[in-house]
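Each chain, written out:
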Amino acid sequence: MVTAIITDIEGTTTSVSFVYDVLFPYAREHIPSYIKNHSQQINVIEQLKLINTEVGRSLSINEAIEQLLQWMDEDKKITPLKNLQGMIWEDGYKTNGFQGDVYEDVPANIKKWHDMGVPVYIYSSGSIKAQKLLFSHSIAGDLTPWLSGYFDTTIGAKKDHQSYLRIAKEINKSPAEILFLSDITDELDAANQTGMQTVLLIRNKNDNSFQSDHIFAENFNQIQLNE
Ligand SMILES: [Mg+2]
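All of these numbers come straight from a predicted model, not from anything done at the bench. (Residues numbered from 1 in each chain as written. Predicted model: local features only at pLDDT ≥ 70, side-chain atom pairs only at ≥ 80, totals over all residues.)

A. Representation of unusual backbone geometry in the model. Located in the positive-phi region is D75, a residue other than glycine, with phi close to 55°. Inspection of the secondary structure puts D75 in the loop between α3 (61-73) and α4 (79-95). Unlike most non-glycine residues, N172 shows phi in positive territory, near 65°. Here N172 is to be found in the loop between α7 (161-170) and β4 (178-182). By C-beta crowding, N172 is classed as exposed, having 7 other C-beta atoms within 10 Å. (Helix = DSSP H or I, 4+ residues; strand = E, 2+ residues; numbered from the N terminus. Buried ≥ 20, exposed ≤ 12 C-beta atoms within 10 Å, placed from the backbone.)

B. Expanded view of the pairing of β4. Taken across its five residues, β4 has five buried, putting it largely inside the fold. With burial as the criterion, each face of β4 is covered, one bearing I178, F180 and S182 and the other bearing L179 and L181. Of the pairings in the sheet, the one linking strand β1 (residues 4-7) to β4 comprises four bridges and is parallel in character. Across the sheet, residue T7 finds its bridge partner in β4, namely L181. Bridge count between β4 and strand β5 (residues 197-201): four bridges; the pairing is parallel. Within β5, the residue paired with L181 across the bridge is V199. (Pairing = 2+ DSSP bridges.)

C. Molecular detail of the packing of helix α2 (residues 42-55) against α4. At a minimum axis distance of 8 Å, the contact between α2 and α4 shows a crossing angle of 155°. On the basis of the axis angle, α2 is roughly antiparallel to α4. For α2 against α4, the interelement crossing comes out left-handed. The segment α2 lies against α4, with Q47, L50, I51 and E54 engaging T79, P80, N83 and L84. For the contact of α2 with α4, the residue count by class is four nonpolar, three polar and one charged. (Axes fitted to C-alpha atoms, helices over the stretch in contact; angles between N-to-C directions. Parallel < 35°, antiparallel > 145°, perpendicular 65-115°, else oblique. Left-handed = near helix turned anticlockwise from the far one by under 90°. Contact = placed C-beta atoms within 7 Å. Nonpolar A, V, L, I, M, F, W, Y, C, P; charged D, E, K, R; others polar.)

Here it is in structure tokens:
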């Protein structure tokens, strides 16, 4: 019996190429000007302080920008980087007409599950702010009315089973009642360890090389909730 669903974004609701070919290049291009133009803004100052804490010394604005670009190149999931990317993307969605990519089977199923009384939550390494922007400005319109909550790595790493225990507690469900959806088997293994049910999303049908104990689906239409 599934009474709640938690889904990953990249490779699960949304193509990885949207994240890597659209969002990340936009953030990378705009990091220097955004920080220079907003360096007196309180929420930007807070992120600069977090960068200093991360590197263990006080950086100039230019050094902080260099550090951020380096973290982006290394695909590091560091909180101040994620937060600043979120601020820059907000600009993109609100002023440059960005739309969040979702696979075509995603909106109808999220709505269906929600309307069945099975709340749908997001758990992604992208910041909660970035998650909300993506789903509120999606190519299928505003999907946030059908989403019940958002989790990012501030609750813990995606490959650490403790994170899934914390989320279960937060949403007041026993892990066994929760279905977790992801394209990464290590994340599913961590969720499985807590007793959660899992489905592996295989969005690329040509990828026959995977080896996994998890139930898998090529899209959300194929996901069956146990009655
Ligand atoms: Mg993923």
